[in-house]
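# Residue-level structural notes
This is what each chain is made of:
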Amino acid sequence: MTTYGSFPGTRPRRLRSTPVMRRMVAETRLHPADLILPAFVREGVSEPVPIAAMPGVVQHTRDSLKKAAAEAVAAGISGIMLFGVPEESKKDALGTAGTDPDGILQVALRDVRAEVGDDLLVMSDLCLDETTDHGHCGVLDAQGRVDNDATLERYAEMAQVQADAGAHVVGPSGMMDGQVGVIRDALDQIGREDVAILAYTVKYASAFYGPFREAVGSSLRGDRKTYQQDPANVRDALRELALDVEEGADMVMVKPAGPYLDILARVADAVDVPVAAYQISGEYSMIEAAAEKGWIDRDRAIMESLTGIRRAGARNILTYWATEVAQRLKEQ
């Protein structure tokens, strides 16, 4: 009889042998507290409005949003990021609904804070794109270009109004130069040093935002390539990261998540502030669409995609599956 000795001497498969073994040695774990739920609230509707391009996601009424926030608390997730969808007639060139104390986002912030108090971090999208009639994230100049510095003035006012409405965290997403510093100053000037900034530090001009445009009723004309980042670039992202941290960002974000895991890993290695990643609408819709066709296992694909984002370095993940996944994790 031929004797092979101890070959192979190392057998990594021993650590994959049973579900309990795999669970014990897992290097990356998801927890409900890792998750943040993005949610849309639409002005002037009496029932939640399904978003065709994002099966299972709706534009909430004020009442259904409060219910979603309460469910998020019960599931144990950490936060809810609110996006307001105003009536078309209230959009204008300056996005004034975004700084109106009675604008839909500010109303929703007050509603959710009244519902959940401090049991959930109530976060607000700080950007003009939902409220402008041209759909851009800032004020336009006479040539139709986004005016960076004029936009910063609007962002400062938005930050103060959102803080007054109850936001624990503001999320500047417009990718204007200097936005974090201006917003920090604006908050501090009204004594709101307690309001944190989750900076959309690395936000690429991505094709994966498509379904989101429906979700917020976007009026966008043209594109956002002059202020969002070029998908080809890495150094530009790291430069933005250094600037945002220097200007006072409490947390930083990479968006989209899945197509940019290499960037996420670089960001997480470079800073000592918490790093978030946004699993955006297109990432969500691709999995839902493929699962509806029977091409992939929906639940496994969701968990695998989130685990990959967490493994790449995200401390927190914004995902439209946040409540569902948190409930599943609690049951395990």
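Given the structure is predicted, the values throughout are model-derived calculations rather than measurements. (Residues numbered from 1 in each chain as written. Predicted model: local features only at pLDDT ≥ 70, side-chain atom pairs only at ≥ 80, totals over all residues. Heavy atoms only, no water.)

## Structural notes on the pattern of salt bridges
Let me state the cut-off plainly: Between Lys or Arg on one side and Asp or Glu on the other, a salt bridge is scored when a side-chain nitrogen of the former is within 4 Å of a carboxyl oxygen of the latter. Between buried and exposed lies partly exposed: a residue is buried under 20% and exposed over 50% of the maximum accessible area for its type, with that area taken using a 1.4 Å probe on protein chains only.
A complete count under the given rule lists 18 salt bridges for this structure. Where Arg 113 meets Asp 118, a salt bridge forms, and the shortest distance between an N and an O atom there is 3.0 Å. Using a relative accessible area of 25% as the deciding quantity, one classes Arg 113 as partly exposed. Taking relative accessible area as the criterion, Asp 118 reaches 60% and is therefore assigned exposed.

## Describing helix 9 (residues 281-292)
For the record, the criterion: Segments assigned H or I by DSSP are reported as helices when at least four residues long, segments assigned E as strands when at least two residues long, and all are numbered from the N terminus. To estimate how far a helix should extend, the number of its residues minus one is multiplied by 1.5 Å.
Helix length check: helix 9, at twelve residues, gives a terminal C-alpha distance of 16 Å against a target of 16 Å (1.5 Å per residue), a fit within 8%. Those residues of helix 9 not exposed but buried are Ser 281, Gly 282, Glu 283, Tyr 284, Ser 285, Ile 287, Glu 288, Ala 290 and Ala 291.

## Side note on the pairing of strand 5 (residues 121-126)
The side chains of a regular strand alternate between the sheet's two faces. This is how it is decided: A strand pair is defined by DSSP finding two or more bridges across the two strands. Here, the term right-handed applies to a crossover whose path from the first strand over the helix to the second runs clockwise when the strands point away from the viewer.
Within strand 5, five of the six residues are buried, leaving the element largely enclosed by the surrounding structure. Taken together, the four bridges between strand 4 (residues 79-85) and strand 5 define a ladder with parallel strand orientation. Bridging across to strand 5, Leu 82 finds its partner in Ser 124. Between the parallel pair strand 4 and strand 5, the chain is carried across by helix 3 (residues 104-116), and the sense of this crossover is right-handed. The pairing of strand 5 with strand 6 (residues 169-172) spans four bridges and is classified as parallel. Of the residues in strand 6, the one forming a bridge with Asp 125 is Gly 171.

## Structural notes on the packing of aromatic side chains
Quick note on the threshold: What counts as a ring pair is set by centres within 6.5 Å for rings of Phe, Tyr and Trp (its six-membered ring), and what kind of pair is set by the plane angle: stacked under 30 degrees, edge-to-face over 60, tilted for all other angles. We call a charge positioned over a ring when the NZ of a Lys or the CZ of an Arg lies within 6 Å of the ring centre and within 35 degrees of the ring normal.
As enumerated under the stated definition, the model contains six aromatic pairs in all. When the ring of Tyr 278 is compared with that of Tyr 320, the centres are 6.1 Å apart and the planes differ by 50 degrees; the resulting orientation is tilted. Of this pair, Tyr 278 sits in strand 9 (residues 275-278) while Tyr 320 sits in the loop between strand 10 (316-318) and helix 11 (322-331), placing them 42 residues apart in sequence. Ring-pair connections join several aromatic residues into one group, and the members of that group are Phe 40, Phe 83, Tyr 278, Tyr 284, Tyr 320 and Trp 321. A cation over a ring is seen here: Lys 203 above Tyr 209, with NZ or CZ 6.0 Å from the ring centre.

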